[in-house]
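Reading the structure
Here's the letter readout for the chains.
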Amino acid sequence: MEPVQLLDTDGTLLPGAEARLPDESVLKALRLMMLSRAADRRAISLQRQGRFGTFAPVMGQEAAFVGSAMALDPAQDWIVPQYREMPALLHHGYPLERLFGYFKGNAAAAKIPDGVNMFPIQIALGVQIPHAVGLGWGLRLRGLPGVVACYFGDGASSEGDFHEACNLAGIVKAPVVFFLSDNGWAISTPRRMQTAGATFAERGPTYGFPGVVVDGNDLFAVHAVTREAVDRARSGQGPTLIEARTYRIGPHTTADDPTRYVDPAEHAAWEARDPIDRVQRYLAAKGLWDGAAEEAWAKEIDAEIEAAVEVAEAQAAPSADDLFEHSYAHLPARLERQRDELSRRGWP
Amino acid sequence: MTMMTMVQAIRAALFEEMARDERVMVLGQDIARLGGVFRATEGLVDVYGPDRVVDTPLAEGVIVGSALGLAVAGMVPVAEIQFLGFAHQAFHQIGAQVGRFRFRTHGRFGAQVTIRAPFGGGVRTPELHSDALEAQFVQCPGLKVVMPATAHDAKGLLLEAIRDPDPVLFCEPLRGYRLVKGEVPDGDYTVPFGQLREARTGEDLTLVAWSAAVQVAEQAAERLAEEGISAQVLDLRTLVPLDVDGLVKAVERTGRCVVVHEAPLSAGFGAEVIATIQEEAFYSLEAPIARVTAPDTPYPLAGIEDLYIPTVDRVVDAARATVKS
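Given the structure is predicted, the values throughout are model-derived calculations rather than measurements. By convention here, each chain's residues receive numbers from 1 onward along its written sequence. Each chain is given a letter, starting from A, and each ligand a number, starting from 1, according to the order in which they appear as written. In keeping with the predicted nature of the model, local features appear solely for residues at pLDDT of at least 70, side-chain atom pairs appear and are counted solely at 80 or more, and the whole-chain, interface and lining totals rest on all residues. Only heavy atoms go into the side-chain values, all of them from the structure, while hydrogens and water stay out.

1. Quick word on the overall build of chain A
Strands are runs of DSSP state E lasting at least 2 residues, helices are runs of H or I lasting at least 4, and numbering of each runs from the N terminus. Secondary structure summary: chain A contains 14 helices and seven strands in total. For chain A, the C-alpha radius of gyration of 21 Å lies close to 20 Å, the compact-globule estimate for 348 residues. Taking the principal axes of its C-alpha atoms as reference, chain A extends roughly 70 × 50 × 40 Å. The buried label applies to any residue whose accessible area, calculated with a 1.4 Å probe on protein chains only, is under 20% of its type's maximum; exposed applies above 50%, and partly exposed to all values in between. Put simply, chain A has 348 residues, and 57% of those count as buried. Residue contacts are defined here by distance: any two heavy atoms, one from each residue, within 4.5 Å place the two residues in contact. Counted over contacts in chain A with a minimum sequence separation of 6, partners at least 24 positions apart contribute 74%. In chain A, 34 side chains carry a positive charge and 46 a negative one; their mean positions are 5 Å apart. Throughout, radius of gyration means the C-alpha value; the globule benchmark is 2.2 Å times the number of residues raised to the power 0.38. His is not counted, nor are the chain ends, whereas Lys and Arg count as positive and Asp and Glu as negative. Where a charge sits is defined by one atom per residue type, namely NZ (Lys), CZ (Arg), CG (Asp) or CD (Glu).

Next up, the structure:
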């Protein structure tokens with residue numbers, strides 16, 4: 001199975017390829033990809049200063065998450081994420097300051113706003129895939145037109161939950177797009193140790209639905225295959241498994257040291273296929289992008305990120321209420337006593 | 001009032017709640033056409049159809065995991081795990097996901113999910129069908145753990161569970177399904193969580209149990225009465241939330257207590273009951289609190305399960321010793 005590709009690494013459309021995204025959308029996508037890249041760098045720096053917790057950067061995979069999220073309608077479609085899909089969540093309406101609030105370790109600051117159709121960031125690998133299937137299945141039972149995009153990686157595909165969820169999704173024709181972002185690594189474990197199969201996408205047909213491989217660093221191709229999968233799901237034809245081939249340019253998280261296991265030559269080859277460069281070249285050839293534009297946007301983006309950091313850092317310190325308030329809808333008497341005891345003691 | 005077995009009472013609750021609330025659906029293995037291996041869901045599919053009564057693939061993890069997604073979509077799922085012993089294959093979804101979903105979303109979403117699961121020994125099942133795992137789930141914050149002992153409570157507690165905005169693990173004693181019979185009110189009623197039931201009044205000591213062990217305790221109390229020992233029997237009904245006040249008041253009155261459960265001894269829920277009593281009512285105690293439980297061995301093959309499960313004799317012996325000391 002050859003990956004679907006529309007945009008060459010030099011930013012030109014491949015012969016016969018058609019750009020279905022209007023220039024205005026491509027510019028919006030680029031803005032979001034650049035914001036994500038800059039937010040990654042800022043988050044890593046904040047973690048180094050002890051102002052953020054462990055952070056999982058997206059860098060190198062921006063086209064996969066922006067292209068796929070742009071195929072969704074945030075008003076009716078849902079995202080069920082793993083934890084490395086920042087720009088998809090931002091596109092869907094999750095504010096950057098809340099994402100930062102999450103990585104700062106403040107649950108109240110990270111709360112998904114009402115009306116944003118998104119599950120929380122999921123740290124356990126693959127467990128969200130069954131949730132996505134139930135959600136899509138439930139939307140259909142309720143007669144709602146929403147589609148669910150479920151994100152996970154090559155590592156999560158080895159979990160039993162992936163199999164159980166795909167299997168059920170095929171049977172109930174759940175309106176789900178399984179978006180497998182193959183970034184080459186599960187921390188230090190390379191893709192070849194996750195599967196002996198030639199592709200992940202080929203598993204789709206074994207569950208009774210299509211699988212497709214796409215160049216995950218090609219904004220146009222990712223958007224096109226996701227749009228097709230969303231249309232398929234919305235029209236009642238069931239799920240699709242998309243395997244987006246991309247690469248984790250950064251570390252697994254701020255706690256990781258990839259120099260212990262990444263081959264520098266492989267890393268360099270993928271850097272040459274950078275998804276942001278590719279879109280900038282495409283727009284430059286059309287006269288829509290140049291150094292001055294890049295400089296102007298970089299300034300705007302920095303200001304946007306600083307504003308989000310400020311909001312995230314200005315959040316009230318958590319209290320015992322934050323620990324107990326949402327443990328249960330109605331707090332049992334036993335927990336009330338525990339809350340009162342901790343409240344009396346105050347902050348340690 | 002209608003005389004019903006426990007399984008009939010559970011079925012009645014499901015029938016009535018699916019009629020009352022069209023968001024309620026049941027899903028699990030063999031629950032639709034077959035009506036469940038114990039027939040608890042028999043006939044539901046004929047009335048409510050295959051969209052709301054769903055035979056799932058044989059996969060505990062996705063039965064529970066998809067129920068969480070269904071709940072967020074606005075359905076009210078009642079998932080069946082065919083035997084609690086197989087809930088280990090869904091443990092990551094029950095404890096780490098469904099149980100803490102309200103907490104993880106800071107209240108944006110709850111998980112109105114009921115998980116029904118039969119358990120308990122005495123019916124000569126194959127391996128892993130009988131294990132009493134309830135204490136393992138008590139250590140899953142956000143989850144409620146409900147253990148009915150009577151037909152009346154099975155219906156009233158199940159209706160309460162389905163309507164609870166938080167997830168509930170509803171454990172059904174499989175040897176009680178047909179053995180336990182009682183008067184069950186017709187129509188709608190609920191039994192609130194966190195309120196224990198005094199199954200038998202008594203003055204000399206308190207026997208604490210839940211689920212099928214309540215019957216063992218009641219039979220022991222009957223035997224003890226013949227020798228002039230008056231034993232109170234408490235049915236905890238729900239382990240989470242625990243009726244601390246009811247438990248403490250009872251033991252303060254009798255000063256003596258024996259806890260009976262089918263799960264292994266170490267870190268069984270009996271340990272929590274005893275720790276709670278010693279924290280709250282230590283100076284009322286006239287004797288050490290005893291436990292009658294399964295040993296700390298795996299649940300055995302059927303041929304020796306009678307040795308494993310707490311017996312009336314063992315409870316009577318423990319009660320005698322407690323009263324004498």
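2. Some details on the pattern of salt bridges
Residues and elements named next belong to chain B. The salt bridge definition used is simple: a Lys or Arg side-chain nitrogen within 4 Å of an Asp or Glu carboxyl oxygen. Considering all chains together, one arrives at 40 salt bridges over all chains under this definition. R197 is the partner of D153 in a salt bridge, and the nearest nitrogen-oxygen pair spans 3.7 Å. Remark: R197 occurs in strand β9 (residues 197–200) and D153 occurs in helix α7 (residues 151–163); sequence separation between them is 44 residues. Take R197: its relative accessible area is 18%, and that puts it in the buried class. Salt bridges sharing common partners tie together E17, R20, R163 and D188.

3. Digging into empty space enclosed by the protein
Lining residues are those with an atom within 4 Å of a point, where the points come from a 1 Å grid over the protein atoms alone and group into cavities, where a 1.4 Å probe fits but cannot get out, or pockets, open sets with protein on both sides within 12 Å along at least five of seven lines. Grid points are joined across faces, edges and corners, and a volume is the space filled by probe spheres set on the points. Applying the stated criterion to the full structure yields three cavities of 30 Å³ or more. By volume, the largest cavity amounts to about 50 Å³. As for the largest cavity, its lining consists of F55, A56, V58, Y83, R84, E85, M86, L89, L99, F103 and I121 of chain A. Where the lining of the largest cavity is concerned, the elements lending two or more residues are α3 (86–92) and α4 (96–104) of chain A. Gly is placed with the polar residues, together with every amino acid not listed as nonpolar (Ala, Val, Leu, Ile, Met, Phe, Trp, Tyr, Cys and Pro) or charged (Asp, Glu, Lys and Arg). Of the residues in the lining of the largest cavity, the class split is nine nonpolar, no polar and two charged. Looking at the second largest cavity, its volume works out to about 40 Å³. If you trace the second largest cavity, you find it lined by F119, E134, M147, W210, S211, A212, A213 and E262 of chain B. Split into classes, the residues belonging to the lining of the second largest cavity amount to five nonpolar, one polar and two charged.

4. Points about the sheet that holds strand β6 (residues 144–146) of chain B
Residue and element names in this part refer to chain B. Strand pairing is assigned whenever DSSP identifies at least 2 bridges connecting the two strands. Within the open sheet, the seven strands sit side by side as β3-β2-β4-β5-β7-β6-β12. Their pairing is mixed. Unpaired on one side and paired on the other, β3 (53–55) and β12 (238–240) mark the two borders of the sheet. Taking the axes of each pair of neighbouring strands and ignoring which way they run, one obtains an average angle of 20 degrees across the sheet. In this structure, strand β5 (residues 114–119) lies alongside strand β7 (residues 168–173), joined through six bridges in parallel fashion. What sits directly across from I115, in β7, is L169. To get an axis, fit a line to the C-alpha atoms, keeping to the stretch in contact for a helix; angles then go from 0 to 180 degrees between the N-to-C directions.

5. Re the interface of chain A and chain B
With 41 residues of chain A at the contact, the number on the chain B side is 43 residues. It is H326, Y328 and R334 of chain A that lose the most area in chain A upon contact with chain B, and together they represent 19% of the buried surface on that side. Viewed at the interface, chain B and chain A are joined by three salt bridges. A salt bridge links E272 of chain B to R334 of chain A; its shortest N-O distance comes to 3.0 Å. Mapped by element, the contributors of at least two residues to the side of chain A that touches chain B are α5 (107–110), α6 (128–141), α7 (160–172), α13 (320–324) and α14 (333–345) of chain A. Among the elements that take part in the side of chain A that touches chain B, α6 of chain A stands out by supplying eight residues, more than any other. Buried area, as used here, totals the accessible surface that two parts lose on assembly, with accessibility defined by a 1.4 Å probe and the loss added over both.

6. With respect to the pairing of strand β7 (residues 240–245) of chain A
Residues and elements named next belong to chain A. Most of β7 is tucked away: five of the six residues are buried. Sheet topology places strand β3 (residues 176–182) next to β7; six bridges connect them, and they run parallel. Bridged to D182 within β7 is R245. Here the term right-handed applies to a crossover when the path leading from its first strand over the helix to its second strand runs clockwise, the strands being oriented away from the viewer. Assessed by its sense of winding, the connection that carries the chain from strand β6 (residues 211–215) through helix α9 (residues 219–234) to β7 is right-handed.

7. What to know about helix α3 (residues 60–73) of chain B
Residue and element names in this part refer to chain B. For a helix, the expected span equals 1.5 Å multiplied by the residue count minus one. Between its first and last C-alpha, α3 extends 20 Å over 14 residues, near the 20 Å set by a 1.5 Å rise per residue. Of all 14 residues making up α3, 14 are buried, and the element is well covered by its neighbours. Positioned one or two residues after α3, G74 has a phi angle of 110 degrees, which is positive.

8. Remarks on the nonpolar core
Note on terminology: a nonpolar core comprises buried Ala, Val, Leu, Ile, Met, Phe, Trp, Tyr and Cys residues joined through side-chain atoms within 4.5 Å. Formed by 168 residues in total, the largest nonpolar core has its most connected members in L96 and F178 of chain A together with F137 and L236 of chain B. Start and end positions for the domains come from either an automated domain assignment or a database one. Residue-level mapping places this core at the junction of two domains, with at least three residues from each of domain 1 (23–317) and domain 2 (319–348) of chain A. Dropping the residues within four chain positions of it, F178 of chain A is found in contact with I129, V133, C150, F152, A165, C166, A169, F209, P239, T240, L241 and I242 of chain A. In this structure, V7, V26, V76 and V180 of chain B belong to the second largest nonpolar core, which totals 40 residues.

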